[in-house]
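Analysis of the macromolecular model
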2 protein chains.
Amino acid sequence: MLCLTRSMIVSAAVFIVSTTGAFAEPDPLPSWNDGPTKQAIVDFVIKVTEPESGDYLPPQDRVATFDNDGTLWLEQPMYVQLAFALDRVKELAPEHPEWKKKQPFKAVLNGNMKALAASGEKGVAELVMATHAGMSPADFQTIVSDWLDTAKDERFERGYTNLVYQPMLELLAYLRSRGFTTYIVSGGGIEFVRNFSEAVYGIPPAQVVGSSIKTKYEDLDGEPTLIRLPEMNFIDDKDGKPIGINQHIGQRPIAAFGNSDGDYQMLDWTTSGEGPRLGLIVHHTDAEREYAYDRDSTFGRLDKALDAAPDKGWVVVDMKNDWKEIFPPKE
Amino acid sequence: MLCLTRSMIVSAAVFIVSTTGAFAEPDPLPSWNDGPTKQAIVDFVIKVTEPESGDYLPPQDRVATFDNDGTLWLEQPMYVQLAFALDRVKELAPEHPEWKKKQPFKAVLNGNMKALAASGEKGVAELVMATHAGMSPADFQTIVSDWLDTAKDERFERGYTNLVYQPMLELLAYLRSRGFTTYIVSGGGIEFVRNFSEAVYGIPPAQVVGSSIKTKYEDLDGEPTLIRLPEMNFIDDKDGKPIGINQHIGQRPIAAFGNSDGDYQMLDWTTSGEGPRLGLIVHHTDAEREYAYDRDSTFGRLDKALDAAPDKGWVVVDMKNDWKEIFPPKE
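Residues numbered from 1 in each chain as written. Chains lettered and ligands numbered in written order. Predicted model: local features only at pLDDT ≥ 70, side-chain atom pairs only at ≥ 80, totals over all residues. Heavy atoms only, no water.

Some words on the packing of aromatic side chains
Here is the rule: Between 30 and 60 degrees the pair is tilted, below 30 it is stacked and above 60 it is edge-to-face, where a pair is any two Phe, Tyr or Trp rings, Trp via its six-membered ring, whose centres lie within 6.5 Å. Each residue's exposure class comes from its accessible area (1.4 Å probe, protein chains only) as a fraction of the maximum for that residue type: buried when under 20%, exposed when over 50%, partly exposed otherwise. Two conditions define a charge sitting above a ring: the NZ of Lys or the CZ of Arg must be within 6 Å of the ring centre, and it must be within 35 degrees of the ring normal.
As enumerated under the stated definition, the model contains 34 aromatic pairs over all chains in all. Ring geometry for A:Trp99 and A:Phe105: centres 4.4 Å apart, planes at 5°, overall stacked. Each member of the pair, A:Trp99 as well as A:Phe105, carries the same accessibility label: buried. On the basis of an interplanar angle of 65° and a centroid distance of 6.0 Å, the ring pair of B:Phe196 and B:Tyr201 is categorised as edge-to-face. Accessibility expressed as a relative area gives 3% for B:Phe196, which makes it buried. The buried category is assigned to B:Tyr201, whose relative accessible area is 2%. Three or more aromatic residues joined by ring pairs form one cluster here, namely A:Trp73, A:Phe84, A:Phe140, A:Trp147, A:Tyr160, A:Phe192, A:Phe196 and A:Tyr201. The cationic tip of B:Arg155 hangs over the ring face of B:Tyr291; the distance from NZ or CZ to the ring centre is 4.8 Å.

Describing the pairing of strand S5 (residues 223-234) of chain B
Formally: For two strands to be treated as a pair, DSSP must find at least two bridges joining them. Secondary structure follows DSSP: runs of H or I at least 4 residues long count as helices, runs of E at least 2 residues long count as strands, and numbering of each begins at the N terminus.
Relative to S5(B), strand S4 (residues 208-220) of chain B runs antiparallel, the two being bridged by eight bridges. Considered in S5(B), the bridge of B:Tyr217 is made with B:Leu226.

Some points on the interface of chain A and chain B
Operational definition: Throughout, a residue-residue contact means that at least one pair of heavy atoms, one from each residue, lies within 4.5 Å. Computed with a 1.4 Å rolling probe, the buried area is the accessible surface lost when two parts are put together, summed over both parts. Within this document, salt bridges are pairs made up of a side-chain nitrogen of Lys or Arg and a carboxyl oxygen of Asp or Glu, the two lying within 4 Å of each other. Here a polar contact is recorded for every N or O atom pair within 3.5 Å, except that within protein the pair must consist of a potential hydrogen donor and a potential acceptor, and residues adjacent in sequence are included only if both atoms are side-chain atoms.
In this complex, chain A contributes 35 residues to the contact, which on the side of chain B involves 35 residues. The contact between chain A and chain B buries some 3,000 Å² in all, and 54% of this surface belongs to carbon and sulfur atoms. Counting the surface chain A buries against chain B, the share from its top three residues, A:Tyr217, A:Asn246 and A:Gln247, is 20%. Applying the counting criterion to the chain A and chain B interface returns zero salt bridges. In this structure, the connection of chain A to chain B is made through 13 residue pairs in polar contact (both at pLDDT 80 or more).

A few points about the relation of the copies chain A and chain B
Using the following cut-off: For the least-squares superposition of copies, only C-alpha atoms count, and only for residues with pLDDT at least 70 in both.
Expressed as a screw transformation, the operator carrying chain A onto chain B has a rotation angle of 180° and an axial translation of 0.0 Å, and the superposed copies differ by an RMSD of 0.0 Å. With respect to symmetry, the two chain copies, as superposed, fit the operation of a two-fold axis. Of the residues that chain A buries at the interface, 100% are likewise interface residues in chain B, meaning the two copies contact each other through the same surface.

Looking at the sheet that holds strand S2 (residues 63-66) of chain A
Residue and element names in this part refer to chain A. Note the threshold: Between N-to-C directions, angles span 0 to 180 degrees; the directions come from axes that are lines fitted to C-alpha atoms, helices contributing only their stretch in contact.
Spatially, the seven strands line up as an open sheet ordered S5-S4-S3-S2-S6-S7-S8, and their pairing is mixed. Two strands lie at the open edges of the sheet, namely strand S5 (223-234) and strand S8 (315-318), each paired on one side alone. Strand-to-strand, the axes of this sheet are offset by a mean angle of 30°, without reference to chain direction.

Here we look at unusual backbone geometry
For the bond from A:Gln76 to A:Pro77, the omega torsion is 0°, close enough to zero to count as cis. Topologically, A:Pro77 is positioned in the loop between S2 and helix H3 (80-92). Of note in the backbone geometry, A:Lys238 takes a positive phi value of approximately 55° without being a glycine. Topologically, A:Lys238 is positioned in the loop between S5 and helix H10 (240-248). Phi is positive for B:Asp221, close to 50°, though the residue is something other than glycine.

Spelled out as structure tokens, the structure:
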């Protein structure tokens, strides 16, 4: 016969309760300063996850979508994927002597950012096609991985996957701990972002939605192969975000997180749905610790969405005042 | 003080063990006859899930893709989605008096299947555009749901969502119980299949890959809305299956299940990957309990893939001999 004293039973109960988190838990958002922004997030999560709240939603409805550039990691002085394309042009230049005389490649090789900017969206698209196509998705993954392992941001002297926002990492983990499924919905390339999304954000490849180029299937001497083609397939920005979400996820999110006018439609579509909704904009207001930019920025321009936020009920994060930390601590 | 007798403790232990499945478990595939087909499936699952097998793969690698028509549910005497389109043409006919004189609509309204067949793929595409576009995805879901709730297969006198293959339902559940993520990869419409995939197969909307028409985003007087357009976006068949999987899931499956030549490329790409792989073809050999068809069938033609199966090492299910039951029991 096994006999348990009352104190043994209480200890066991405390152990069970503390490991399942039913007692007071540590702050899930320690890098967020206390205040209305943090409170709005926590209130929303409690509202949709507490069965007695009246706004309870089952886990399958708890879909949250996150923009990547400027929302989860930095996008200044240029998109990270553009920095990758520029480095790639330099690396491939010996195989392309014609690039020395041809824009926008010439501008990249001469470090002439003004001429590159003058080439506009068309020029950038040309750079992307020349550097992102012609290989299998697996080979592209290796190229991106190798680059991310070595490339460094000049100002912060850190690799790009360290220049992710610590408060947003905490927010992703907090939502997942409350039964949310978290997706990235990026204007950047789907196969570029998939490279690091699981390791850095805890978001597996199937939960990344993004822009894409076309892919061709070929049987190469009995070896089935996919080849990335220099042709646009889908642009996951602005109108493309709700379209991409509908295509990929098949349901309207209840929460959306962005930082620029490219996220306007995703935010609007998400928060126009019935029931409890959360729309949130990261406003870059911290020139000292990161960057301060909005209406006039080339990358991550935030204008129309900032004006609409009060009426739409979107929460605007003031990076300088709402975030205790910007990036994860250096190792 | 709480005292437990030895038998109370043993009972509790037995309860815990039996509910967590640590003791001998029941056959996970009861509708499959014992034999080499069933054994090949079980051997594969054990191989990739037992840590000491030498072929162990972590759960994130355990991606399994299933064709839908003819693999998970019946596709004779015609694809279910085509039956939906025909019924829809009849329902919408009063709003389209011009259809009485215009093929392929005239053929549908007169029940002239020969004239409909003569209209070919172009005719079928016209029917799909006329019946699947012009509404929001949510309204399309309602239309499909209402139809599935009432439409019945003539021969079996059952609704279509009851005409799913019981052995395949068991296989889906078995794989998921072993840490696999199961996806549908259908030549059929992604938003058509999503309608019932979760309720019928336990596969949520985000895990359905399929053919699609284009979608437009519009702000209708401040109400953000998606509208389905009468324009093809992606055909998820043949070459399109590996392309769709790569786009949507972002990784190569380790197991693929199909029944026709439309699945050849998915099977080939899946089983050409390194490490343990399973390719399986459902061969419809049971005219009495379901249908017997392969090389000459209009729907679900199985010719090239059947010839390739022995060389490729694909398992071929002989429906008549391998399956104890075809459909779930009638309620």
